[in-house]
Amino acid sequence: MIFLTKRYGLLPLLFILCGGILCVYGQDSLPTIVAQKGDGILSLLRKQGMNPYEAYDDFIALNMDNLRDSVHLYEGRSYKIPQLPMDTVSVVDSIQKQSTKIKEIKGKEYSIFGKKYALVLPKSERLKGTVYYLVSGHGGPDPGAMAVYRGKSIAEDEYAYDITLRLARELIAHGATVHIIIRDPDDGIRDDRILEIDRDEVNYPKETIPLNQVARLKQRVEAVNKLYLKNKGKYQRLIVTHVDSRSKGQNIDVFFYHHEKSKNGKKLAESIHTTFQAKYKKFQPNRTYSGTFGDRTSLYMVKKTHPAMAYIEIGNIRNKKDQRRILDPDNRQALAKWISEGILLDYEGE
């Protein structure tokens, strides 16, 4: 029997009745592909006509022993390509009579993600009715921490923004309403290592970001709090994303902070932290994860905003090891995906 699937075209399936239960068997062996120079996990999956963000975790799980640092490909090696579940629902009336219903999946376009990633296909309704506010650090006249990579200047705000966009896309795919507070009119999600620096970010909805630090923070706090009041009665959370800037020699893991008096904020930060611990244990078993979560009420955004929130520091942009985590687009996607899974854990644990 042959079914037409959205992702893979024609896929042969064998249906057998096992003790009164219909069993579905796919291909005995998974297809493989050889990684070429310059390939990353995302680009490799795209070449197979797959949605790389849906297949990312499955790919890593299949190829764990064949990856450098659990996330990087080796040029010239063969990698297994996962077979994701079909977008097909099988209805069996009897052994002789079978029919199928094809799920129609309609996406929605969001220009803020850029042309390549504008279309967002729904994955679930697990976050239906929730509202999330996402704030990436710095922006506008303030690039945040600066460093030099292969002779090019790189800035904290560009990488924090890219991770924030990827996170927003994940949350929307699960049914959430997402407000991106710091916005760039022409920089969508970018799959480059070096993200070009600009100064044209604005504060929601279209406010020029001031140079003064306190004025900048006050502006984004007011934007979040106004939206919070408009959505009073709904489930609301805030995620603030920064890239840290410690001394060059200091390699750090991802840290999560919350307001000391916020039980919901603590639960959110702890849920994301727990997810990161589990991911490191699964994908980097030989590496100890040293990131923590805790209260840090001294931070302006933590102290002044109304929604329960988690403040995330991704890594040290000046440290060579941390730069691998931040500059690699596959890693930025993984970070966003793991944060989103922590958010789902937090919400569904209510």
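Residues numbered from 1 in each chain as written. Predicted model: local features only at pLDDT ≥ 70, side-chain atom pairs only at ≥ 80, totals over all residues. Heavy atoms only, no water.

Caption draft 1: The arrangement of the packing of helix α5 (residues 263–283) against helix α8 (residues 329–348) in detail. Contact pair α5 / α8: the axes reach a minimum separation of 8 Å and the direction vectors enclose 130°. When the axes of α5 and α8 are compared, the pair comes out oblique. The hand of the α5/α8 crossing is right-handed. Counted together, N264, K267, L268, S271, I272, T275, F276, K279, Y280 and F283 of α5 and L335, W338, I339, E341, G342, I343, L345 and D346 of α8 form the full contact between these two elements. When the residues that make up the contact of α5 with α8 are grouped by side-chain class, the tally is 10 nonpolar, 4 polar and 4 charged. (Axes fitted to C-alpha atoms, helices over the stretch in contact; angles between N-to-C directions. Helix = DSSP H or I, 4+ residues; strand = E, 2+ residues; numbered from the N terminus. Parallel < 35°, antiparallel > 145°, perpendicular 65-115°, else oblique. Left-handed = near helix turned anticlockwise from the far one by under 90°. Contact = heavy atoms within 4.5 Å. Nonpolar A, V, L, I, M, F, W, Y, C, P; charged D, E, K, R; others polar.)

Caption draft 2: Just unusual backbone geometry, in detail. The amide bond that connects Y204 to the next residue, P205, takes the cis arrangement and shows omega of 0°. Positive phi values are uncommon outside glycine, yet R150 reaches one of about 50°. Following the sequence through the fold, R150 ends up in the loop between β12 (146–149) and β13 (152–155).

Caption draft 3: Fine view of the pairing of strand β21 (residues 308–316). By the criterion of burial, β21 is predominantly enclosed, with 9 of the 9 residues buried. Of the strand pairs in this sheet, strand β19 (residues 255–258) and β21 are connected by 3 bridges, and their pairing is antiparallel. Its bridge partner being in β21, F255 is matched across the sheet by E313. (Buried < 20%, exposed > 50% of the residue type's maximum accessible area, 1.4 Å probe, protein only. Pairing = 2+ DSSP bridges.)

Caption draft 4: Seen up close, the sheet that holds strand β15 (residues 182–183). Spatial ordering of the open sheet is given by β15-β16-β17, a layout of 3 strands whose pairing is antiparallel. Single-partner strands in this sheet number two, and they are β15 and β17 (207–208). Where strand β16 (residues 202–203) lies against β17, 2 bridges are found, and the strand directions are antiparallel. Residue pairing in the sheet places N203 in a bridge with E207 of β17.

Caption draft 5: Region of the structure containing the pattern of salt bridges. Evaluation of the coordinates by the stated rule reveals 16 salt bridges. Here K116 makes a salt bridge to D191, at a shortest N to O gap of 3.2 Å. Taken together, the residues K116 in the loop between β9 (108–109) and β10 (119–120) and D191 in the loop between β15 and β16 connect sequence positions 75 residues apart. Taking the shortest distance from any N to any O, the salt bridge between D328 and R193 comes out at 3.7 Å. Note that D328 is positioned in the loop between α7 (320–327) and α8 and R193 in the loop between β15 and β16, a separation of 135 residues in sequence. The exposure class of D328 is buried, given its relative accessible area of 8%. Overall, the relative accessible area of 32% leaves R193 in the partly exposed class. Overlapping salt bridges, with partners in common, bring together R46, K116, D162, R166, D191 and R332 in one network. (Salt bridge = Lys/Arg side-chain N within 4 Å of Asp/Glu carboxyl O.)

Caption draft 6: Region of the structure containing the environment of Y235. One can find Y235 in strand β18 (residues 235–244). Judged by relative accessible area, Y235 falls into the buried class, the value being 15%. When the C-alpha positions of Y235 and Y132 are compared, they lie 8.5 Å apart, and in sequence the two are 103 residues distant. At a separation of 2.9 Å, a polar atom in the side chain of Y235 contacts the side chain of D346. (Polar contact = N/O pair within 3.5 Å; in protein donor to acceptor, adjacent residues only side chain to side chain.)

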